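# Observations on the three-dimensional arrangement
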Amino acid sequence: MDTTLVTRAQNGDEGAFASLAVAVGDRLHAVAYRILRDTDLAEDATQQALLNVWQDLPQLRDPARFDAWSYRLLVRACYAEGRKTRRWTPNLRLLPADEPMAADGFDLVAHRDQLERGFRRLSIDHRAVVVLHHYLDMPLDRVAETLGVPAGTVRSRLHHAMRGLRAALDADARPAAREAAQ
Amino acid sequence: MSTDHDVTRIVRSWLDEGVTALPDRVLDAVLDQVSATARRYAQMNRFAQAAIAAVAVLVVLFAGYTLLPRTTGTGGGIGTPSPTPTAAPLPSGTMAPGTYRVSDNKLTLYPYTMTVPAGWTGGDGALRGDMSSNGVRLTTWIITHVYADSCHWTGTLVPVADTAALVAAFTAQAGHTRSTPIVTTIGGLPATKITFTLDAAFDVTTCDSGNVRLWPDPGPDEGGGWPISPGQTTTVYVIESDGRLMVVMTVVRKDSPPGDVTALQGILATLRFEP
């Protein structure tokens, strides 16, 4: 991120903030959607996070940390959105019959529902770690830095989350395996 | 049974699916609210300036009245001390010249006041100019940990519980240069002064996350912290209170205008803590 732009926005330059919002808006929204698994909630969380960025920018002491800081505000906004609704409405999506399989041969279509269910059972804390690490490719120490928690906590959350997702995938595979054995 | 590698691969592919673009209407709503907030803030600032001016006039009138020689009694009256003008809370954004009070306990162990001339910006202290190039700054920081190595700082946190430990940690810190600690006072409190510098030619890209960091946010919260950039000089005054530590900091750059540096020292001289 251009630190000059961040500094200008910190000093109240609305134009600089607009440029910042355009630059980071898609990325924040993509992350919010992947954490919350709901388009409307993700839009609300992103909107709130961007407003918080504007409001709290003067308190950001190191403009070079803008990216990590903005993700942290976004995750906080996701917590708030998550609390607003106890039961999240799943996004129903019609899957085209000829949806391509993943390049390495496994059938992602077959796993979507299990992953969706398994992921929704995770807390926002755990989802955030999975998304920052596996979607944004953030190293775990940077995830820890972004979320403001110790690296050990991040490793533990990731381990727990991936174990949950693996259980969701395996639970679905088990009946099929039993059927095949009969 | 899926292997860990399979699960990771499936999860990554699944995460790659789905929306990415933020709808324009959401962005428009954000920018509309920002504009409205900025307008309200500007109006409030104008109102606040008028209110402060009105209060100042009343204070002067009141002080003048109480200091007038009494016509009754013997030997004239002894005037009561004139009240100290109320310092305004520190704003975010442009500051009118005047005295400001900072009491946010996330920034300082004790409230303090400082007097700034025209052209300075508030926030977490006072700054002037562009901090990414030649700006100057005065601020404060609560400190619970420092990095043993400011360049390769990952995993080098050292907890500090008192002035001696913090000064020792600063003195031992690798990655930049520093002055010999000097016992002094700042804002009416005992303090230890140390100056940190980073050579203008230093290549920060060789450091963790591409920056040289002296300490994290208190906690420790490594989501934030104080970086020192090439050509920058950060002077800290370490203050301790009841087992807690803070620093008053001034920041100047190699190319900072001398007038701004002088003004920064002037502001520092006006700083007064309220222990």
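Structural notes, computed from the coordinates. Only a predicted model underlies this, so the values are computations on that prediction, with no experimental measurement involved.

## Description of the overall build of chain B
Summing up its helical and strand segments, chain B has four helices and 17 strands in all. At a minimum sequence separation of 6, the contacts of chain B that also span at least 24 residues come to 53%.

## Some points on the pairing of strand S16 (residues 244–253) of chain B
Successive side chains on a regular strand alternate, one facing one side of the sheet and the next facing the other. All names here are of chain B. Across the ten residues of S16, eight count as buried, placing the element largely inside the fold. Of the pairings in the sheet, the one linking strand S7 (residues 136–143) to S16 comprises seven bridges and is antiparallel in character. Across the sheet, the residue bridging to Thr140 is Val248, located in S16. Direction of pairing for strand S15 (residues 232–241) relative to S16: antiparallel, over a ladder of ten bridges. Counterpart to Thr233 in the pairing with S16 is Val252. Counting the residues between successive antiparallel strands, the hairpin from S15 to S16 contains two residues, one of them, Asp242, with a positive phi of roughly 50 degrees.

## Points about the environment of Gly243(B)
Residue and element names in this part refer to chain B. With respect to the helices, strands and loops of the structure, Gly243 is situated in the loop between S15 and S16. Here the alpha-carbon distance between Gly243 and Asp162, two residues 81 residues apart in the chain, equals 5.9 Å. For Gly243, the contacting residues outside a window of four places in its chain are Ala161 and Asp162.

## Description of helix H6 (residues 124–135) of chain A
Taken across its twelve residues, H6(A) has nine buried, putting it largely inside the fold. Backbone geometry just after H6(A) places Asp137(A) at a positive phi near 65 degrees.

## Points about the packing of helix H1 (residues 3–10) of chain A against helix H2 (residues 14–36) of chain A
Residues and elements named next belong to chain A. Direction vectors running N to C along H1 and H2 enclose 130 degrees, while the axes themselves pass 7 Å from each other. By the angle class used here, H1 and H2 are oblique. Handedness of the H1/H2 crossing: left-handed. Two secondary-structure elements touch here, H1 through Leu5, Val6, Arg8 and Ala9 and H2 through Ala16, Phe17, Ser19 and Leu20.

## A word on the interface of chain A and chain B
Interfaces are frequently sized by the accessible area removed from exposure as the parts join. Taken together, the contact pairs 53 residues of chain A with 41 residues of chain B. Every element with two or more residues in the side of chain A that touches chain B is listed here: H1, H2, helix H3 (39–56), helix H4 (66–84), helix H5 (108–120), H6, helix H7 (140–147) and helix H8 (151–181) of chain A. It is H2(A) that provides the largest number of residues to the side of chain A that touches chain B, a total of eleven residues. Taken together, the residues that form the side of chain A that touches chain B break down as 25 nonpolar, 15 polar and 13 charged.

What counts and how
- Residues numbered from 1 in each chain as written.
- Chains lettered and ligands numbered in written order.
- Predicted model: local features only at pLDDT ≥ 70, side-chain atom pairs only at ≥ 80, totals over all residues.
- Helix = DSSP H or I, 4+ residues; strand = E, 2+ residues; numbered from the N terminus.
- Contact = placed C-beta atoms within 7 Å.
- Buried ≥ 20, exposed ≤ 12 C-beta atoms within 10 Å, placed from the backbone.
- Pairing = 2+ DSSP bridges.
- Axes fitted to C-alpha atoms, helices over the stretch in contact; angles between N-to-C directions.
- Parallel < 35°, antiparallel > 145°, perpendicular 65-115°, else oblique.
- Left-handed = near helix turned anticlockwise from the far one by under 90°.
- Nonpolar A, V, L, I, M, F, W, Y, C, P; charged D, E, K, R; others polar.

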